[in-house]
Amino acid sequence: MHRESADTVPQGPNQPCPSSTKSHVATTLLPAARQSLSDHAVGTDPPAERTGQRQNRGMRTRLGCLSHKSDSYNDFTAILPDKPNRALKRLSTEEATRWADSFDVLLSHKYGLAAFRAFLKTEFSEENLEFWLACEDFKKTRSAAKLASKAQRIFEEFIDVQAPREVNIDFQTRELTRRNMQEPSLSCFDQAQGKVHSLMEKDSYPRFLRSKIYTDLLSQTQRRLS
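Residues numbered from 1 in each chain as written. Predicted model: local features only at pLDDT ≥ 70, side-chain atom pairs only at ≥ 80, totals over all residues. Heavy atoms only, no water.

J.: What is the right way to read the overall build of the protein from this model?
T.: For the protein, the count of helices and strands is twelve helices and zero strands. When the helices and strands of the protein are read in sequence order from the N terminus, they spell out α-α-α-α-α-α-α-α-α-α-α-α. Put simply, 63% of the contacts in the protein that link residues at least 6 apart link residues at least 24 apart. Total accessible area on the protein is roughly 15000 Å²; 53% of this is exposed by carbon and sulfur atoms. (Helix = DSSP H or I, 4+ residues; strand = E, 2+ residues; numbered from the N terminus. Contact = heavy atoms within 4.5 Å. Areas by Shrake-Rupley, 256 points an atom, 1.4 Å probe, with all protein chains shown as cover.)

Written out as structure tokens, the structure reads:
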């Protein structure tokens, strides 16, 4: 009786592969798979990915610097209106303590204003104070010829939508100020200035009184007397 060789037996669709075929597949594919995995695990990243990783590391470094940015007395000395040592000699503990009496007392004091500006810079909100100061200066304008141009500069810098140093005011106040630009007067920014003053008084001022800029400065004036 004739027996058909095993090598010529056809394989059905559900028939398992012979062991010799499995061995051949494993021998052919496994090294390639290992190499692919190795390339992903320890291989060199593509140039674009390396660039992205460098950018991410740079961003983390910059954010780390910002998160560790100090609002301490040492940073404050760099922006004092006078030389730091001279300013400290002129500033008494009593004067610095009075800054906590009211927001307007703080703004009216030369060194109080400088300290508050330094604090706002650490919060990236110094545009509020700069706008308030610009309005104070604007109200001193005596030349009718300069009034309109100064008003326009303030509006474009602080009030207009997407202004480079846009302050946080409501839509109604913004539009009222825009209408005031049609016939500028010394009072055309009064409502906007009042809104920004109120925002700083209720929001930034209490945090300033708790900040290291203020507490360190008080400590320095007290140590000078001891």
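Further notes follow.
J.: Can you help me understand helix 9 (residues 144–159) in this one?
T.: A turn of α-helix holds 3.6 residues, and therefore any two residues three or four places apart point the same way. Between its terminal C-alpha atoms helix 9 stretches 22 Å, which fits the 22 Å expected from 16 residues at 1.5 Å a residue. Those residues of helix 9 that sit buried are Leu-147, Lys-150, Ala-151, Ile-154, Phe-155, Phe-158 and Ile-159. Considered in projection along helix 9, the buried side chains sweep an arc of 140° and stay on one side of the axis. Counted as exposed and oriented over 90 degrees from the buried face of helix 9: Ala-145, Lys-146 and Arg-153. Lining the buried residues of helix 9 we find helix 8 (126–138), helix 10 (171–180) and helix 11 (190–210). (Expected span 1.5 Å × (residues − 1). Buried < 20%, exposed > 50% of the residue type's maximum accessible area, 1.4 Å probe, protein only. Arc of directions from axis to C-beta.)

J.: Can you walk me through the packing of helix 10 against helix 11 in this structure?
T.: Two measures define how a pair of helices packs: the angle their axes make with one another and the distance between the axes. Interhelical geometry of helix 10 versus helix 11 gives an angle of 150° and a closest axis separation of 8 Å. By the angle between their axes, helix 10 is roughly antiparallel relative to helix 11. Taken together, the residues of helix 11 that come into contact with helix 10 (itself represented by Thr-173, Leu-176 and Thr-177) are Gln-191, Ala-192 and Lys-195. Among the residues forming the contact of helix 10 with helix 11, the class breakdown is two nonpolar, three polar and one charged. (Axes fitted to C-alpha atoms, helices over the stretch in contact; angles between N-to-C directions. Parallel < 35°, antiparallel > 145°, perpendicular 65-115°, else oblique. Nonpolar A, V, L, I, M, F, W, Y, C, P; charged D, E, K, R; others polar.)

Keep in mind that these numbers describe shape and distance, not what the molecule does.
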